[in-house]
Amino acid sequence: MLRTRIITALVLLAVLLPALFYADPTPFGIVALVMIAAAAWEWGRLNQMGQAGACALALVAAALCAAMWQVGWLVRPSLTLWTLAGGAWVLAAVLLIRGGVPGWAPIPRLLRILGGLLALCLAWLAVVQARVIGIGFLLSVLTLVWMADIGAYAAGRSFGRRKLAPAISPGKSWEGVYGGAVGVLLLAAGWVLVDGPAGNNLFSRLWTGMPWLMPLAVLFLCAMSVVGDLVESLIKRSAGVKDSSGLLPGHGGVLDRVDALLPTLPLAMMLYCVVA
């Protein structure tokens, strides 16, 4: 299993890194589009669409992303759009987590499918807009989510006692959440110190635009990354599966790897628009 995980990770890095660091953001946009289409296929299967329906959903997701690309949305971040998307994520997450696993199935299937499709397409738009802003900006958002996960894992393993949401994700603890929060605060402070207040990254932009709110904004994004993970865990439990798919051997599915990014990316773009 470990060897499989390593091989899969190396293959992903071999594809993602050249696309990420290429001067033109087009290759990265294409790679991200393929991943979102794969995630849409997984979403269809999690909602009992069948193979043909799931493939159709993947094609619809790819077509919607391509349409947003064609009309020029990649270079036009919109405060209105990202505020609405971020607000919808916060509201939906509160309702879903309050309802727990039993509350997922009663939601009309069409609403679940369309809601997931919209969330995936907006995540694609957000990640490619972040790449257009700059490699450093995108990496700062990605590393925030990674640090929240790493800090939560380390603190949870060492100090975890109080369960965060045992009916949804028994492995998560409040101590893990606090560890992730400390990690992202240290990451943000270190990035601003190294890159400077004028650096083209999320943390420097927040520090320059609203220094008194920057720690709260970073903690909010950290919390929403946890929420994204919890929401996907809730949905998988309702569907009775451990992983969203087996597309990434040793790592589960694409949704398993991007769940924390789905709410965080739109909210990061909202904050960017506020301070830009």
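Numbers given to residues run from 1 along each chain, matching the order in which its sequence is written. It should be noted that, the model being predicted, local features are given only for residues of pLDDT at least 70 and side-chain atom pairs only at 80 or more, the latter also being counted only at that level, while totals for whole chains, interfaces and linings use all residues. As a rule here, side-chain values cover all heavy atoms of the structure and leave hydrogens and water aside.

Quick notes on the overall build of the protein chain
Argument step 1. A count of helical and extended segments in the protein chain gives 11 helices and 2 strands.
Argument step 2. Segments assigned H or I by DSSP are reported as helices when at least four residues long, segments assigned E as strands when at least two residues long, and all are numbered from the N terminus. Helices and strands appear in the protein chain in the N-to-C order α-α-α-α-α-α-β-β-α-α-α-α-α.
Argument step 3. Here the radius of gyration uses the C-alpha set of atoms, whereas the globule reference equals 2.2 Å times the residue count to the power 0.38. Against the globule reference of 19 Å for 276 residues, the protein chain gives a C-alpha radius of gyration of 18 Å, in line with a compact fold.
Argument step 4. C-alpha extents for the protein chain along the principal axes are approximately 50 × 50 × 40 Å.
Argument step 5. Type-normalised accessible area, obtained with a 1.4 Å probe on protein chains alone, sets the label of each residue: buried when under 20%, exposed when over 50%, and partly exposed for intermediate values. Buried residues in the protein chain amount to 49% of all 276 residues.
Argument step 6. Restricting to contacts in the protein chain with at least 6 residues of sequence separation, those with at least 24 account for 72%.
Argument step 7. Methods summary: accessible areas were calculated by the Shrake-Rupley approach with a probe of 1.4 Å, and residue burial reflects only the protein chains presented. When the accessible surface of the protein chain is summed, it comes to about 13,300 Å², and 72% of that surface belongs to carbon and sulfur atoms. A contact between two residues is defined here by any heavy atoms of the two lying within 4.5 Å.

Points about a nonpolar patch on the surface
Argument step 1. Patches were defined on residues exceeding 30% relative accessible area and lacking a salt bridge, with like-charge contacts within 9 Å and nonpolar side-chain contacts (Val, Leu, Ile, Met, Phe, Trp, Tyr) within 5 Å. Salt bridges are defined by distance alone: a side-chain nitrogen of Lys or Arg within 4 Å of a carboxyl oxygen of Asp or Glu. Among the surface-exposed residues, Ile 6, Leu 10, Leu 13, Leu 17 and Phe 21 lie close enough to one another that they form a single nonpolar patch of about 470 Å² accessible area.
Argument step 2. Here Leu 17 lies in helix α1 (residues 2-21).

Observations regarding the nonpolar core
For soluble globular proteins, the rule of thumb is that nonpolar side chains tend to be buried together.
Argument step 1. Of all hydrophobic cores here, the largest spans 88 residues; its most connected members are Trp 82, Trp 124 and Leu 206.
Argument step 2. Top contributing element to this core by residue count: helix α5 (residues 109-133), with 14 residues.
Argument step 3. What Leu 206 contacts, discounting residues up to four positions off in sequence, is Pro 211, Met 214, Ala 217, Val 218, Leu 271 and Val 275. Residues belong to one nonpolar core when they are buried, are Ala, Val, Leu, Ile, Met, Phe, Trp, Tyr or Cys, and are joined through side-chain atoms within 4.5 Å.

Here's the deal with unusual backbone geometry
The bulk of non-glycine residues show a negative phi, and the bulk of peptide bonds are trans.
Argument step 1. Phi at Gln 48 is positive, roughly 55°, even though this residue is not glycine.
Argument step 2. Considering the arrangement of structural elements, one finds Gln 48 in the loop between α2 (26-46) and α3 (50-70).

Observations regarding the environment of Ala 154
Argument step 1. Mapped onto the elements, Ala 154 comes out in helix α6 (residues 135-159).
Argument step 2. Considered as a pair, Ala 154 and Ala 260 are 106 residues apart in the sequence and their alpha carbons are 17 Å apart.

Details of the environment of Asn 47
Argument step 1. By the element assignment, Asn 47 lies in the loop between α2 and α3.
Argument step 2. Put simply, Asn 47 and Ala 239 are 192 residues apart on the chain and 7.5 Å apart in space, counted from C-alpha to C-alpha.
Argument step 3. Contacts of Asn 47, omitting those with residues within four sequence positions, involve Trp 104, Arg 109, Arg 112 and Ile 113.

Comments concerning the pattern of salt bridges
Argument step 1. Counting across every chain of the model gives 4 salt bridges.
Argument step 2. Lys 236 is paired through a salt bridge with Glu 232; the nearest N and O atoms lie 3.7 Å apart. Remark: Glu 232 and Lys 236 occur in helix α9 (residues 214-239); sequence separation between them is 4 residues, near one turn of the helix. For the residue pair Lys 236 and Glu 232, the accessibility class agrees, reading buried in each case.

Concerning the packing of α5 against α6
Argument step 1. Angles run from 0 to 180 degrees between N-to-C directions of axes, and those axes are lines fitted to C-alpha atoms, restricted for helices to the stretch in contact. For the pair α5 and α6, the least separation of the axes is 5 Å and the interaxial angle reads 135°. Overall, the two elements α5 and α6 adopt an arrangement that is oblique. Across the interface between the two elements, Val 127, Ala 130, Arg 131 and Ile 133 from α5 touch Ile 135, Phe 137 and Leu 138 from α6.
Argument step 2. Here the contact of α5 with α6 is built from residues that sort into 6 nonpolar, no polar and 1 charged. Our angle categories are set so that under 35 degrees counts as roughly parallel, over 145 as roughly antiparallel, 65 to 115 as roughly perpendicular, and the remainder as oblique. Polar here means any residue other than Ala, Val, Leu, Ile, Met, Phe, Trp, Tyr, Cys and Pro, which are nonpolar, and Asp, Glu, Lys and Arg, which are charged; Gly is therefore polar.

Let's talk about the side chain of Glu 175
Argument step 1. Position of Glu 175 among the secondary structure elements: in helix α7 (residues 174-195).
Argument step 2. Given a relative accessible area of 15%, Glu 175 falls into the buried group.
Argument step 3. Side-chain atoms alone can form a polar contact between residues adjacent in sequence; in general such a contact is a pair of N or O atoms within 3.5 Å, and within protein one must be able to donate a hydrogen while the other accepts it. Here Arg 161 takes part through its backbone nitrogen, which lies 3.1 Å from a polar atom of the side chain of Glu 175.
Argument step 4. Setting aside anything within four residues of it in sequence, one finds Glu 175 in contact with Ala 155, Phe 159, Gly 160, Arg 161 and Arg 162.

Some remarks on α7
Note: α-helices contain 3.6 residues per turn, so residues at a spacing of three or four share the same orientation.
Argument step 1. In this model, α7 (22 residues) spans 31 Å end to end at C-alpha, consistent with the 32 Å of a helix rising 1.5 Å per residue.
Argument step 2. Of all the positions in α7, only Glu 175, Gly 176, Gly 179, Gly 180, Ala 181, Gly 183, Val 184, Leu 187, Ala 188 and Val 192 are classed as buried.
Argument step 3. Of the residues trailing α7, Gly 196 is marked for its positive phi of about 90°. To estimate the expected span of a helix, count its residues, drop one, and scale the result by 1.5 Å.

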